[in-house]
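# Residue-level structure breakdown
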Amino acid sequence: MELSKLLQPVIEIARESGQVILNIYQCSDFKQRIKSDNTPVTSADLAAHKLVTEKLTVLTPDIPVLSEEDASIPLKERERWPRYWLVDPLDGTQEFIAGSGDFATIIALMEKNQPVMGVVYRPVLKIFYYAIRGHGAWKVMPDGKRIRLSVLKHCNDVRSLSIAISRWQDVSIITGRLTSSRSYDLVLLGSASLKSCLVAEGGVDCYLRLGPTGEWDTAATQCIVEESGGRILDMTLSPLSYNERDSLVNPNFIVLGDTGLPWREIVRFDG
């Protein structure tokens, strides 16, 4: 399969999804409810889900789609998939509801349970992030300008670091994980994918996530971050895994920019 031939159609699907979300967002005419996992879902999530799953199915009829809004497929069926699409139609639903603009559509192509392509579209700013494994990561501006992404690099004796965290995160939980070896600037942002992309483009040094997320929140951005020179690891500093458990909930994780920094001196990891 030539991934480069799929990239532009997937970007267009993400753009169309973003426009559907943006239309609902701008008129503030949406319904919302709380799902069984105590997270919100809106009519914009569901409209984007419908569009993305239908379009991907037409694009690649033989590749199944696993979306946050249709994630009840049992492991017994999922584990037979050699490749599949992993989608969050609207990442940052709380931000959508709050009106911050910090939300995105995320689409990843998985092969052998690892991301080989990732697309993230931020509709309010009309900005894309994307990567294909082995071909670098890129940011596309509204005027079409492409910028190659690269994480921040430091000398090991850097004394101040910037860390992205969720606006909805209890800050004391984050600061409790940070040692006194550095000073820290906490950057509050919305969706998980946008914080990971901020690491990929060198906007912050890392993103620390302590709390539940889904595999759809990290798959596309893992490809983007790794192609930018960074890593996404759990709090034992092990790689994230995909489609290997009944649950699709991620463990706590950290998105690292400069992997050469002594992170065990900077963050209190598990174990």
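Please refer to the structure placed before this passage.
What comes next is a walk through the structure.

Cut-off values and rules
- Residues numbered from 1 in each chain as written.
- Predicted model: local features only at pLDDT ≥ 70, side-chain atom pairs only at ≥ 80, totals over all residues.
- Heavy atoms only, no water.
- Helix = DSSP H or I, 4+ residues; strand = E, 2+ residues; numbered from the N terminus.
- Rg over C-alpha atoms; globule rule 2.2 N^0.38 Å.
- Buried < 20%, exposed > 50% of the residue type's maximum accessible area, 1.4 Å probe, protein only.
- Contact = heavy atoms within 4.5 Å.
- Areas by Shrake-Rupley, 256 points an atom, 1.4 Å probe, with all protein chains shown as cover.
- Lys, Arg positive; Asp, Glu negative; His and termini not counted.
- Charge placed at Lys NZ, Arg CZ, Asp CG, Glu CD.
- Pairing = 2+ DSSP bridges.
- Axes fitted to C-alpha atoms, helices over the stretch in contact; angles between N-to-C directions.
- Salt bridge = Lys/Arg side-chain N within 4 Å of Asp/Glu carboxyl O.
- Phe/Tyr/Trp six-rings, centres within 6.5 Å; stacked < 30°, edge-to-face > 60°.

## Brief notes about the overall build of the protein
- Along its length, the protein carries eight helices and 14 strands.
- Since a compact globule built from 271 residues should have a radius of gyration of about 18 Å, the 18 Å found for the protein is in line with a globular shape.
- Taking the principal axes of its C-alpha atoms as reference, the protein extends roughly 50 × 45 × 40 Å.
- With 271 residues in all, the protein has 56% of them scored as buried.
- Contacts in the protein between residues far apart in sequence, at least 24 positions, make up 62% of those at least 6 positions apart.
- Within the structure as shown, the protein displays about 11900 Å² of accessible surface, and the carbon and sulfur contribution to it stands at 50%.
- Each charge class in the protein can be summarised by its mean position, and for the 30 positive and 34 negative side chains these summaries are 2 Å apart.

## Observations concerning the sheet that holds strand β5 (residues 104-111)
- A sheet is described by the order of its strands in space; here seven strands give the open sequence β3-β4-β5-β6-β7-β8-β9, paired in mixed fashion. A single partner strand is all that each edge strand has here, and the edge strands are β3 (65-67) and β9 (146-148). When the angles between neighbouring strand axes are averaged without regard to direction, this sheet yields 20°.
- Judged from the four bridges that link them, strand β7 (residues 127-132) and strand β8 (residues 137-140) form a sheet pairing that is antiparallel. When the bridges of β8 are listed, Ala-131 appears paired with Ala-137.
- Along the sheet, helix α2 (residues 43-59) contacts β3, β4 (83-91) and β5; its crossing angle with β4, the most-contacted strand, is approximately 155°.
- Strands β4, β5, β6 (114-122) and β7 of the sheet are contacted by helix α6 (residues 192-200), whose axis makes an angle of about 105° with β6.

## Re the pattern of salt bridges
- What the rule picks out here adds up to 14 salt bridges.
- The closest approach of N and O atoms between Arg-15 and Glu-12, which form a salt bridge, is 3.3 Å. One end of the pair, Arg-15, and the other, Glu-12, are both in helix α1 (residues 3-27), three residues apart, so they sit about a helical turn from each other.
- A residue is classified by how much of its surface remains accessible, and Arg-15, at 35% relative accessible area, is partly exposed.
- Overall, the relative accessible area of 33% leaves Glu-12 in the partly exposed class.
- Between Lys-35 and Glu-68 there is a salt bridge whose closest N-O contact spans 3.3 Å. With a gap of 33 residues between them, Lys-35 in the loop between β1 (32-34) and β2 (40-42) and Glu-68 in the loop between β3 and α3 (75-78) connect regions that are remote in the sequence. We note that Lys-35, like Glu-68, is buried.
- Beyond isolated ion pairs, a larger network of salt bridges with shared partners links Glu-95, Asp-102, Arg-122 and Arg-167.

## As for the packing of aromatic side chains
- Considering all chains together, one arrives at seven aromatic pairs under this definition.
- On the numbers, 5.4 Å between centres and 50° between planes, the contact of Trp-81 with Tyr-84 is tilted.
- The exposure class assigned to Trp-81 is buried, which follows from its relative accessible area of 13%.
- Note on Tyr-84: relative accessible area 0%, which makes it buried.
- Between the aromatic rings of Tyr-207 and Phe-253, the centroid separation amounts to 5.6 Å while the plane-to-plane angle is 90°, which identifies the pairing as edge-to-face. Here Phe-253 lies in strand β14 (residues 253-256) and Tyr-207 lies in strand β12 (residues 206-209), a separation of 46 residues in the sequence.
- Chaining the aromatic ring pairs together yields one cluster made of Tyr-25, Phe-30, Phe-96 and Phe-103.

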